[in-house]
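One-letter residues, chain by chain:
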Amino acid sequence: MITARAVAKSYLGVEVLHDVDLHVPAGSFALLTGPSGSGKTTLLNLLAALDAPDGGSIRVDDTEVTALRGRQRARHRARHGHVFQRSGLLAGLTLRENIEAAHLLAGHPVDLEWVDHLAERLGVRALLDVTASRVSGGQGQRAALIRSLAHRPPLLFADEPTASLDTASKHTIHEVLREVVANEGTTVLMVSHDAISLDYATDVTRLVDGGVESDAEATGEAESSRREAP
Amino acid sequence: MPPPGDPRGRRVAGALLAAAGLVGVVLAGVVLALGGSADVLGPTEVSPQPGFVPGAVDALVAIVRAVRAVAPFAALLGLAVFFATWSLGALDRRRRLVARLARIEYSGIDRVSGRESPRGPARWVRRQVRGTGLAVLAIVLVGATSGIENEVTNGPLRPVEALTDTLADGRPVTFVLQGPDITFMDDSAIEVARMGDLVDDAPFPMIPFGKHLFNLDGKSALQLSIPDAVFARLSGEAVSSTCVGRTVLVDDTVGSEVGETISLNGTRLRVAGVLDGVAQMNRSIAILADSTARDCVLHGTSSAFFGAIALTGDRDAVDDVLVRAQVEASAVTEAHFLEENRDFWRANATPLILQLILYLALFSGFAAAGERQSALQRNIREIGMLNATGVDFRALQAIEMRRALSITVRATVIAAPLMVPVAAAFNASELGVQIGVGLVEVSVGFSITLVAMLAASRRALSQFRRRLDLPMAVKG
């Protein structure tokens, strides 16, 4: 469960987020959406402890994230899953080594059967022993998703993980995420302005100009986006 | 000046350091080539009190010797850690992964040029030149120069020891020298007539000898002259009465064989014997009979002797002779003479060598720090991604430490055989000091480079951590 209260953030004097309140219930597939420059990624980075807010409070379960420093923040991040627009795989390692690397280095066990299951589900099992530099961007992104889920995290932060993928791949990734929410109880918080995401999300929060749009506006916008979706 | 973390600042600092190192090396080379007496760096003037050795020099000499004493153990420990972690990697996936990450570039992309790194041998060579290449250079330079200090101190004393050994045939000797300056470098002299009185009055054999600087087949040469009778005994030949066909004893750095004809200050002389390892710093050595020196080389300009060797260890007896002959000279034991000379060289030449070592060590350390920092910056996205997914900097530190150790071990394997031709080239330059390459020198190079690489990696990662902007690093 994530609870954010009055979160604010500025960069170089420009206010990116102001007075953001957000509640993401445990076990939900939450979507952060909104136009470009609305502050979606900034908010996700703050919630995922990649960055620190200028003001406000962020609680993830019982942890006040804004109070964490240095290694505590890294440990906090290690408990959760993170997937970004870019796979960020290490080119010299195989996909399997990439999936294991962060968890082994952070001292977390990796469930290899679970990894194989996810790889099978995402269609990259045959590529697990191939060097990351030799796979396509889409295959790498699927491996990055497996990396983020390999330790069965209670919470997954995803920042437009399907932005550069084809429609079929987008659906596959969304389906896997929905299964993880349903079967593993994982909470997923995803930033996306992809209309497909609306079909899978259980909670939608829309940001506009660094603030949260009201629920009624968000619902209307969501419906509108859904109708426009191909 | 740009801040230290700024890439331009690093380049400027690196360039300044490289320039300073180069200037230092050139100056030290020049000074050594001049016999360590040029007033270029530090206290290089001939000391008025030869016994005086600055405390700082003693401390630096002690440090160099301590490093040489400790280095083999440190190198052994470093190798043990390397092989232990390598072996444990077979049992432990985390260790294996750390070792693997320490071997590869995180990204495989050269972000400086924006191109993908080359593959195969080209990639290997490029990687070696970046990290290992630097370490190879450091090991060769630091390791080889660590062996010089002893040579600087003791090298110049070899001709004196060789001379006394040759003339006295192992018997104890006492030196008789004019004035208070009793180093082999001063220009004291005892007049020929006075020396004659001394030799006549002494109840023990006295062998006067001269000291002159001349050119020997294009090389700076220290020429010693000894009485004809002594020379005849040493060479096994009678000294000729005409200059043509006269003989000379030379040290092996001249590169001549017995029977060859050589030129000493324009005079052709025949080599009657070759002495081993008696070259004085930057100078070959030639021993002539007095008459040869006077009639053929000096052309009668010599009117004094540098000193005399009394074939007795009884210094009081020599003092009595000096008083009786009314010669104002000093009688010093061989041990005292050698000790004074050693102090002289330590005071005048050792600081230069220590500066050279210091320059090289600093250069290596800073270059390594710059190289590691640059490597981390090139991989900011991948390292940022690892950190974003929960890998803390302690784990990254372990990877970088392991990388530093691996680089140093690899570099040592390459540098150790390289040190042989480097030492040979240095020795062929006949600066007067010899580099000996052995396990101690290799281990000094290994240990200092390892410390520099570890410190550099630690510093680079610490700076990287401060500058890392995680949201930017993971941004698409």
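Computed from a prediction, not measured in an experiment: that's the story for all the values here.

(A) The overall build of chain A, seen in detail. When helices and strands are tallied, chain A shows 8 helices and 10 strands. A buried classification covers 48% of the 230 residues belonging to chain A. In chain A, once contacts between residues fewer than 6 apart in sequence are set aside, the share between residues at least 24 apart is 72%.

(B) Expanded view of the overall build of chain B. The secondary structure content of chain B amounts to 16 helices and 13 strands. The proportion of buried residues among the 476 residues of chain B is 42%. Counting only contacts in chain B whose residues sit at least 6 apart along the sequence, the fraction spanning at least 24 positions is 78%.

(C) Geometry of the interface of chain B and chain A. Counting residues at the interface gives 25 residues for chain B, matched by 25 residues for chain A. When residues of the side of chain B that touches chain A are traced back to their parent elements, those giving at least two are α3 (93-103), α13 (380-388), α14 (393-428) and α16 (470-474) of chain B. Counting residues per element, the side of chain B that touches chain A draws most heavily on α13 of chain B, at 6 residues. Tallied by class, the residues present in the side of chain B that touches chain A amount to 12 nonpolar, 6 polar and 7 charged.

(D) Quick look at the pairing of strand β3 (residues 174-178) of chain B. All names here are of chain B. With 5 of 5 residues buried, β3 is to be regarded as a mostly interior element. Because side chains alternate across β3, one face comprises the buried residues Thr174, Val176 and Gln178, and the other comprises Phe175 and Leu177, equally buried. Taken together, the 4 bridges between β3 and strand β12 (residues 307-310) define a ladder with antiparallel strand orientation. Bridge assignment links threonine 174 to a residue of β12, and that residue is alanine 310. Bridge count between β3 and strand β13 (residues 329-333): 5 bridges; the pairing is antiparallel. Looking at β13, one finds that leucine 177 is bridged to serine 330.

(E) Summary view of α3 of chain B. Of the residues making up α3 of chain B, those classed as buried are Val98, Ala99 and Leu101 of chain B. For α3 of chain B, the angular spread of the buried residues around the axis is 165°, confining them to a single face.

(F) Representation of unusual backbone geometry in the model. Residues and elements named next belong to chain A. The backbone of aspartate 61 sits at a positive phi, close to 55°, despite the residue not being glycine. As for its placement among the helices and strands, aspartate 61 is situated in the loop between β4 (55-60) and β5 (63-64). Residue classification places aspartate 61 among the partly exposed residues on the basis of 13 C-beta atoms within 10 Å. Even without being a glycine, arginine 152 presents a positive backbone phi close to 50°. With respect to the helices and strands, arginine 152 occurs in the loop between α5 (137-149) and β7 (155-159).

(G) Summary view of helix α3 (residues 95-106) of chain A. Across its 12 residues, α3 of chain A extends 18 Å between first and last C-alpha, which sits within 8% of the 16 Å expected from 1.5 Å per residue. Of all 12 residues that make up α3 of chain A, 12 are buried, and the element is covered over most of its length. Looking at the buried residues of α3 of chain A, the elements they touch are α2 (70-79), α4 (112-122) and α5 of chain A together with α3, α13 and α14 of chain B. Positive backbone phi, approximately 85°, marks glycine 107 of chain A, located one or two places after α3 of chain A.

(H) Layout of the packing of α3 of chain A against α5 of chain A. Residue and element names in this part refer to chain A. For the pair α3 and α5, interaxial distance at closest approach is 8 Å and the crossing angle is 35°. Of the two possible hands of crossing, α3 and α5 adopt the one that is right-handed. Contact residues: α3 offers Leu95, Asn98, Ile99 and Ala102, while α5 offers Ala143, Ile146 and Arg147. Each residue belonging to the contact of α3 with α5 can be placed in one class, and the counts come to 5 nonpolar, 1 polar and 1 charged.

(I) Quick peek at the environment of leucine 134 of chain B. Residue and element names in this part refer to chain B. Here leucine 134 lies in helix α4 (residues 120-146). Separated by 273 residues in sequence, leucine 134 and isoleucine 407 place their C-alpha atoms 9.4 Å apart. Residues within four places of leucine 134 in sequence aside, it is in contact with Ala367, Ala368 and Glu371.

(J) Main features of the sheet that holds strand β10 (residues 211-212) of chain A. Residue and element names in this part refer to chain A. If you walk across this open sheet you meet the 6 strands as β6-β7-β8-β3-β9-β10, and the pairing is mixed. Of all strands in the sheet, those with a lone pairing partner are β6 (81-83) and β10, marking the two edges. Where strand β3 (residues 29-33) meets strand β9 (residues 203-208), 4 bridges bridge the pair, whose relative direction is parallel. By the bridge assignment, alanine 30 is partnered in β9 with aspartate 203.

(K) Molecular detail of the packing of α4 of chain A against α5 of chain A. All names here are of chain A. Where α4 contacts α5, the axes come no closer than 10 Å and their chain directions differ by 150°. By the criterion of interaxial angle, the relationship of α4 to α5 is roughly antiparallel. For the pair α4 and α5, the crossing hand works out as right-handed. Side by side, α4 and α5 meet where Val115, Leu118, Ala119 and Leu122 of the first sit next to Arg142, Leu145, Ile146 and Leu149 of the second. Within the contact of α4 with α5, the residues separate by chemical class into 7 nonpolar, no polar and 1 charged.

(L) Region of the structure containing the confidence of the model for chain A. All names here are of chain A. Averaged over every residue, the pLDDT of chain A is 87; residues scoring 70 or more account for 93%. Least confident of the elements in chain A is helix α8 (residues 215-228), whose mean pLDDT is 50; most confident is strand β8 (residues 187-191), at 95. Here residues 226-230 is a poorly scored stretch, pLDDT under 50, and it has 5 contacts once near neighbours within four places are set aside; other chains count.

(M) Fine view of the sheet that holds strand β1 (residues 2-11) of chain A. All names here are of chain A. Taking strand neighbours across the sheet as the criterion, the 4 strands line up as β2-β1-β4-β5 in an open arrangement whose pairing is antiparallel. Strands at the two margins of the open sheet, each flanked by one partner only, are β2 (14-24) and β5. Of the strand pairs in this sheet, β4 and β5 are connected by 2 bridges, and their pairing is antiparallel. Its bridge partner lying in β5, valine 60 is registered against threonine 63. Where helix α1 (residues 40-47) meets the sheet, its contacts fall on β1, β2 and β4, and the angle it forms with β1 comes to roughly 120°.

Calculation criteria
Per chain, residue numbering runs from 1 following the sequence as it is written. Both sets of labels track the order of writing: A upward for chains, 1 upward for ligands. Local features in a predicted model are, by the rule used here, given only for residues with pLDDT of at least 70; side-chain atom pairs are given and counted only at 80 or more, and totals for whole chains, interfaces and linings are based on all residues. Strands here are runs of E lasting at least two residues and helices are runs of H or I lasting at least four, both read from the DSSP assignment and numbered beginning at the N terminus. Put simply, a residue is buried when 20 or more other C-beta atoms lie within 10 Å of its own C-beta and exposed when 12 or fewer do; between those, it is partly exposed, and each C-beta is set from the backbone. The contact rule is simple: place each C-beta atom from the backbone, and if two of them lie within 7 Å, those residues are in contact. We call Asp, Glu, Lys and Arg charged. Ala, Val, Leu, Ile, Met, Phe, Trp, Tyr, Cys and Pro are nonpolar, and the rest, Gly among them, are polar. For two strands to be treated as a pair, DSSP must find no fewer than two bridges joining them. Read the arc as the range of directions from the helix axis to the C-beta atoms. Expected helix span is computed as 1.5 Å times (number of residues minus one). Every axis in this analysis is a line fitted to C-alpha atoms, fitted for helices over the stretch in contact. Angles between the N-to-C directions lie between 0 and 180 degrees. In this scheme, a crossing is called left-handed if the near helix is turned counterclockwise away from the far one by less than a right angle; it is called right-handed if the turn is clockwise. The labels follow the angle: roughly parallel below 35 degrees, roughly antiparallel above 145, roughly perpendicular from 65 to 115, and oblique for the rest. Per-residue confidence from the predictor is reported as pLDDT, which spans 0 to 100.

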